[in-house]
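Letter by letter, the chains look like this.
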Amino acid sequence: TNPPQCKRIKIRGTVRGENNTIGSGSHSIAKGDKEDAFSSSSHDTPSSNGTPICTFCASEGRCLSGGSGTPLVPLSSRSETAPQQKFSATASVTRPEELEKLIRAIASNPELTPVQKNTTIQGLRDSVWKSNMRLHKKKRKIEEEERAGVGVGNGGEDVKGDGGESTAGGIATDLTMSNIHEATATATLARRSKRMTPPASYYKKNRHGKIELVWSSESSSTKFSLDDLSVPLFSASELAPTFHDGATGAVLGCPHYARACKLRHPSSGRLYTCRLCCEQEREMPMKDQDSPLDRYAVTEVFCMRCGALQPASDRCISPKCESQGKPFSKYSCNICNLYDDGPNKNIYHCPFCNVCRSGKGLGVDYRHCMRCNACVSLADDTHHCIPQSLQGNCPICHESMFQSTEPLRGLKCGHVMHLSCFTMYMRAQSYTCPLCKKSIEDMKDYFALLDAAIRMQPMPAAYSATVSDIYCQDCGKRGKVPYHFVGCKCSYCGSYNTREMGRLEG
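Let me sum up the structure you'll find in this document. Predicted, not measured: the structure shown is a model, and the values here were computed from it.

Things to note about a nonpolar patch on the surface
Taken together, the side chains of F352, L362 and M370 make up a nonpolar region of the molecular surface, amounting to roughly 300 Å² of accessible area. In this fold, L362 is placed in the loop between β18 (355-358) and β19 (366-369).

Here you go:
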């Protein structure tokens, strides 16, 4: 069957043609005199029978514009076009300028409602980001396999032609299973060659649990070989010490913690000063995507004083380290693998939260609320329990709160948000909880000002007998009160945080 062309997703009007489209190689916005449309008219990737299909749909193997989509022709049947499509990431990646033009065209459409505009723009951003990340990963995979001597075509997949021969970028190759295993090993060594420097010394636990020296740069009589897989290798930036105080360079650590060691990632084997540094690198688009650093799975640490890689502990075990047995930091936790040498900072490990918290300890200045599953200050006498209140995300920034290093702010209703988010939320003169709509603070003084304003501005005679059916968002009760344009006061709790459900004319 012939591969279907991508269906046009109309926003408004009809498509006037391709002469006035914005963007190329992807779904585009075609602009007419009075009509705009979100169109796929600028496809530039040919299929097996010459029918154009866009690069987004080609990478997915189905038409993205048609809902569930009809599967396109498999990659194996397009061996004729493989030489032209070996990789066109530069031409296919949607640039920020093109994305901005698409968003502006959608936002300037007067016939779309705000909800439709927001939904369309968010979907466009998500699809462009996923497509660009997919293309970057394919490019890195192709480059690594090319350096390793493996011929690939069409996104790193071995492509079968009509004649049954394995083709890679249009060149026929014969790879037996032994060749594939050999090529995989070569690719592993190629990736390993990017990290060419071993640590100054490497200590490891043997099967009996005893720590022994595996390798040392001083005791090694032969030159280190990259083929020796028993000793981990790192890049120069990973082995370089980092500092907590920045350019001063007097305190080892990172911007988040002061410590004299780095953590080795349990999956990738890379060195990070802390898990937050790993998260920052993961957010950088040009960096290799690493998985989140699991603090509980860390088994090895790197001493930044002597360069020794060793099993995780509170101090360096190398006898040649300048620390002379001093701990990596003033506080260390062997469960969370947290090290912090910050001055005047109290930290304790909560066994119920299973994380380290700021404070002197449970029973000293904090207690653990089993219903909320959170540590609460002993000075908080107005704590309102909400089950698992910290397990969700902040209602303002939608970031996780349970393992957040930022201070939190508890509201009167019991919900929690980041302190910085609370400050920003209050600047917008919002005085109700974004989740339950209850007053976030004691509003008695503000309600007293509204009482005075109502007394000074009585309603006209035409509205003097009007009654409002209200629902109080603070006490949750309904009632009928006299209508006033300033506000409707709850007759039960005296709150003006009410919602008018109906109005009865007198």
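From this point on, the discussion continues.
As for the pairing of strand β13 (residues 300-303)
Every second residue of β13 is oriented toward a common face, with E300 and F302 on one face and V301 and C303 on the other, all of them buried. Remark: four residues form the turn of the hairpin made by β13 and strand β14 (residues 308-311), two consecutive strands paired antiparallel; G307 in that turn has positive phi of roughly 80°.

Things to note about the environment of G414
For G414, the location among the structural elements is in the loop between β21 (408-410) and β22 (416-418). A sequence separation of 22 residues divides G414 from C436, and the C-alpha atoms of the two residues are 9.8 Å apart. Setting aside anything within four residues of it in sequence, one finds G414 in contact with H384, I386 and S389.

Structural notes on helix α3 (residues 96-107)
In an α-helix, one full turn covers 3.6 residues, which means residues spaced three or four apart are oriented alike. Under the 1.5 Å per step criterion, the end-to-end length of α3 is 16 Å for twelve residues, consistent within 8% with the ideal 16 Å. Residues of α3 that are buried: E98, L99, L102, I103, A105 and I106. Down the axis of α3, the sector holding all buried residues measures 160°, keeping them to one side. Residues P96 and R104 are exposed on α3 and point more than 90 degrees away from its buried face.

Quick look at the pattern of salt bridges
The final tally for this structure, using the stated rule, is nine salt bridges. With its nearest N and O atoms 3.1 Å apart, the salt bridge here joins E441 to R409. Of this pair, E441 sits in the loop between α8 (419-427) and α9 (444-456) while R409 sits in strand β21, placing them 32 residues apart in sequence. A salt bridge links K489 to D451; the nearest nitrogen and oxygen atoms lie 3.3 Å apart. With K489 in the loop between β24 (478-482) and β25 (498-504) and D451 in helix α9, this pair connects stretches of sequence that are 38 residues apart. Residue classification places D451 among the buried residues on the basis of a relative accessible area of 19%.

Quick notes on the sheet that holds β24
Read from one edge of the open sheet, three strands run β24-β23-β25, paired in antiparallel fashion. With one partner strand each, in any of the chains shown, β24 and β25 form the two edges of the open sheet. Strand-to-strand twist across the sheet, computed as the mean angle between neighbouring axes with direction ignored, equals 35°. Where strand β23 (residues 467-472) and β25 come together, six bridges link them in antiparallel fashion.

About the thresholds
Here the residue numbers are simple positions, counted from 1 along each chain's written sequence. Restriction of local features to residues with pLDDT of at least 70 applies here, the model being predicted, together with a cutoff of 80 or more for giving and counting side-chain atom pairs; totals for whole chains, interfaces and linings are based on all residues. For side-chain calculations, the full set of non-hydrogen atoms in the structure is used, while hydrogens and water are omitted. Patch membership requires over 30% relative accessible area and the absence of a salt bridge. Like charges are linked within 9 Å, and nonpolar side chains (Val, Leu, Ile, Met, Phe, Trp, Tyr) within 5 Å. Note on areas: Shrake-Rupley with a 1.4 Å probe; residue coverage comes only from the protein chains shown. Between Lys or Arg on one side and Asp or Glu on the other, a salt bridge is scored when a side-chain nitrogen of the former is within 4 Å of a carboxyl oxygen of the latter. Secondary structure follows DSSP: runs of H or I at least 4 residues long count as helices, runs of E at least 2 residues long count as strands, and numbering of each begins at the N terminus. Residue exposure (1.4 Å probe, protein chains only): buried if accessible area is under 20% of the type maximum, exposed if over 50%, otherwise partly exposed. The rule for pairing is simple: two strands pair if DSSP sees at least two bridges between them. When checking whether two residues touch, look at their non-hydrogen atoms; a contact exists if any pair is within 4.5 Å. Residue count minus one, scaled by 1.5 Å, sets the expected span of a helix. Each C-beta atom gives one direction from the helix axis, and the arc is the one those directions make. Geometry is summarised by axes, namely lines fitted to C-alpha atoms with helices restricted to the contacting stretch, and by angles between N-to-C directions that run from 0 to 180 degrees.

Note that every value here comes from positions in space, so none of it alone points to a role or purpose.
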